[in-house]
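So the chains spell out like this:
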Amino acid sequence: MTETTLEKDTEQHRFEADVSRLLHMMVHSVYSDKQVFLRELISNAADACEKLRYEAISDPGLMSDGEAPQILISLDEEQRRLVVEDNGIGMSHDELIEALGTIARSGTKAFMERIEAAKSGEGAELIGQFGVGFYSAFMVADKVDVISRKAAGNDAWQWSSDGKGSFSVQPAELGDAPARGTRVILHLMEDAKNFTSKWTVERIIREQSGHVPVPIRIAEKPGEEPTSISDGSALWTKPKGDISEADYTDFYRGVSGQYDDPDLTVHFRAEGRNEYTALAFVPGSQPFDLSDPDRKGRMKLYVRRVFITDDAELLPRYLRFMRGIVDTSDLPLNISREMIQDSPILASIRKGLTGRILTALEKLAESDAEKFAKIWEHFGSVIKEGLYDDFERRGQLLGLTRVRSTVSGEGLRSLADYVKDMKDGQKAIYYLTGANLEQLKASPQLEGYRARGVEVLFLTDAVDSFWAPNAPEFDGKPFRSITQGAADLDEIAKADGTSNEPSEASADVQTFIAFAKEKLAEEVADVRVSSRLTDSAACLVASDQALDRQLERILQGAGRLQTAEKPVLEINPNSELIQSLAGQGDEALRSDAAWLLLDEARILDGDKPSNPRLFAERLSRLFERALKEH
Ligand code: ADP
Ligand code: MG
């Protein structure tokens, strides 16, 4: 092929904008742990081998040469090159352009935004936590060539780029190309030349990729006979006693694409009705796409050591943060990915696995409360989805639930702690929902509970507004929102021994309440005497049959609720303000006061006054009046 025809066959493509952004960030990052590129390339090579194994089940011709999948690393110190080659599934012309020119991986965009927002040092840390994929090659190489031939394909293609905004694709000489699979050639930068040292590279691979399920070999010089680094045996098939914590961590990193340490490892072999091995991890940090509502789980399904899919729902959605694998001999190897979802065997595995993971979490909560608290801070808001999704396990999930409360301080309370410390006469578990913890702590609705030393749970996750009102019971105790219905505090003694009788409102106060009820009829369903206030003059609560007010806000915010129920305004008859107000004869003043009490209560709930303009006018009138009287 002459220079000109080669020129003619060469296509130039620009990287997708997000790829350019990612590349720029990676090349210019001061991230010192550049060796992660090797793990990324080996993981891609291993994925390609696993895809081939899977495809070959239905199309054995793909592996007709009898070559078992393997990964070969070859080094060339003189040319300053490192090559990662696999005999996996390979990429066609179009696949090369699609896979190595765009970003498919979900979460990458969110990841980039976090890096850009982070301070310089932290950004580097973040890169380390997140698998950055193929493009990480440009952290160490100023030019990368990828030569690939699709299994059973009869053409081969070369992709090349210097990582600066564009790449080229051209036909590759078949004689030069791998017989099957992909060769990634890194032309290393001057300061990355240590990646041609066999000793260094071998150490890194053992450390980072010792457990990829495909054998890895290494050759120190071009043409030299390679030696084996790892035999590709599956870690999960080994007896637990033979596996070190470092082995587990390495495997976890491979399967999760994160670089942190797992906070919990669950490894077991189930026998009996279904036979399968599971190796599952709770990640040590939050994945970047945790809150993505479409995100499915990331557990991989193997059938007799052949990777089938990472799309099967091996766990309920509320355990979607788990990473790991299930390997079963109960499913046929040639099961289609579509069939898997409906398989009763899968349903039964999901049930067994869920149970084992929850039990492991329970054990951890007992043996290492601190570690469990860390897991809860990361994933509690997801686990709590199970409280309304998985009725059967609600009791078990409530047992795991941890919350802040009026007595927790910085720590977390379990519901068992709560029930143990309940006051005489207390029948319910009280909670307050809202997005902002500081604001919740300042809620007037808490006063009557505080006065009695009754603990109130602060439920600050959006998901709390969905499970708590559908009142589960814990240990036979119902849950009650302290912003809904009448407070049932009469049977609990006050801590300071003062009278517990509901306060009798004086005739004046009663008249004022009736007056306010009429004035505010458009905004509130009722105005009544409160038994939950001790200091504040007024607060808002939902009526008994209405939705919890926080849930109402969330639904309205999501556009799923058009009209809100009117709340109830509760008045504290013992408040000095209310008592002196009630004695006032001036109708205009009483009207302004009633409205201001309502708006004040709204503000304390984190809402706006019903009409900011009128609110300001009423407040000004009161100011003027106060100033005149002085
Ligand atoms: P990810 O592996 O998370 O999908 P990468 O950036 O590592 O992201 O790789 C992007 C895509 O490029 C892969 O999904 C795959 O389709 C393709 N790819 C990369 N390396 C190989 C390889 N050695 N063999 C076949 N396909 C590959
Ligand atoms: Mg990858």
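Quantities reported herein were computed from a predicted structural model and do not represent experimental measurements.

What counts, and at which threshold
The residue numbers shown here count from 1 along each chain, following its written sequence. Chains and ligands are labelled sequentially in the order written, the chains with letters from A and the ligands with numbers from 1. Where local features are concerned, this predicted model is filtered to residues with pLDDT of at least 70; where side-chain atom pairs are given and counted, the filter is 80 or more; whole-chain, interface and lining totals use all residues. Working from all heavy atoms in the structure, the side-chain values ignore hydrogens and water. Predictor confidence is given residue by residue as pLDDT, running from a minimum of 0 to a maximum of 100. When checking whether two residues touch, look at their non-hydrogen atoms; a contact exists if any pair is within 4.5 Å. A strand pair is defined by DSSP finding two or more bridges across the two strands. Helix numbering and strand numbering both begin at the N terminus, where a helix is a DSSP run of H or I of at least 4 residues and a strand a DSSP run of E of at least 2. Axis definition: a line fitted to C-alpha atoms, over the contacting stretch in the case of helices. Angles run 0 to 180 degrees between N-to-C directions. The term nonpolar core refers to a set of buried residues drawn from Ala, Val, Leu, Ile, Met, Phe, Trp, Tyr and Cys, joined through side-chain atoms within 4.5 Å. The buried label goes to any residue with under 20% of its type's maximum accessible area, the exposed label to any with over 50%, and the partly exposed label to all in between, with areas taken from a 1.4 Å probe on protein chains only. For the domains described, the bounds stem from an automatic or database domain assignment. Side-chain rings of Phe, Tyr and Trp (the six-membered ring for Trp) are treated as a pair once their centres are within 6.5 Å; stacked means planes under 30 degrees apart, edge-to-face means over 60, and tilted covers the remaining angles. For a ring to carry a charge above it, either NZ of a lysine or CZ of an arginine must fall within 6 Å of the ring centroid while also lying within 35 degrees of the normal to the ring plane.

## Topic: the confidence of the model for the protein
Atomic detail in the predicted coordinates should be set aside for any region of low pLDDT. Confidence in the prediction for the protein averages 90 pLDDT; 94% of positions are at 70 or higher. Ignoring residues within four places in sequence, the model shows residues 1-5, a span with pLDDT below 50, making three contacts including any to other chains.

## Comments concerning the sheet that holds strand β23 (residues 568-571)
If you walk across this open sheet you meet the three strands as β21-β23-β22, and the pairing is mixed. Of all the strands in the sheet, the pair left with one neighbour each is β21 (526-529) and β22 (538-541). This sheet shows a mean twist of 30° between the axes of neighbouring strands, independent of strand direction. One ladder, built from four bridges, connects β22 with β23; its direction is antiparallel. Of the residues in β23, the one forming a bridge with Leu-540 is Leu-569. Here helix α18 (residues 507-519) sits on the sheet in contact with β21 and β23, set at roughly 160° to β21.

## Regarding the nonpolar core
Of all hydrophobic cores here, the largest spans 72 residues; its most connected members are Phe-321, Met-322, Val-326 and Leu-361. The greatest single-element share of this core, amounting to nine residues, is contributed by helix α10 (residues 344-367). Three or more residues apiece are contributed to this core by two domains, here domain 2 (236-372) and domain 3 (384-481). Residues contacting Met-322, with those up to four places away along its chain left out, are Ala-280, Phe-281, Val-282, Arg-298, Met-299, Leu-315 and Ile-357. Within the second largest apolar cluster, 56 residues are counted, among which are Leu-100, Ile-103, Ile-205 and Phe-288.

## Looking at the sheet that holds strand β9 (residues 227-230)
Spatially, nine strands are ordered β1-β6-β5-β4-β7-β3-β2-β8-β9 in an open sheet, and the strand pairing comes out mixed. Looking along the sheet, the strands with just one partner apiece sit at the ends: β1 (11-14) and β9. Here the strands of the sheet are splayed against their neighbours by 20° on average, with no regard to which way each runs. Sheet analysis places strand β8 (residues 216-219) next to β9, joined by three bridges and oriented antiparallel. Paired with Ile-216 across the strands is Ser-230, a residue of β9.

## So, the packing of aromatic side chains
Overall, the coordinates contain 20 aromatic pairs when judged by the stated rule. Considering the side-chain rings of Phe-134 and Tyr-135, the 5.6 Å spacing of their centres and the 75° angle between planes classify their relative orientation as edge-to-face. As far as burial versus exposure is concerned, Phe-134 and Tyr-135 are alike and both buried. Look at Phe-268 and Tyr-276: their rings are 5.8 Å apart centre to centre, the planes differ by 75°, and that puts the pair in the edge-to-face class. Side by side, Phe-268 and Tyr-276 carry an identical accessibility label, which is buried. In this structure an aromatic cluster arises from ring pairing among Trp-236, Phe-251, Tyr-252, Phe-281, Tyr-302 and Phe-307. The ring of Phe-268 carries the charged tip of Arg-356 above its face, separated from the ring centre by 3.9 Å.

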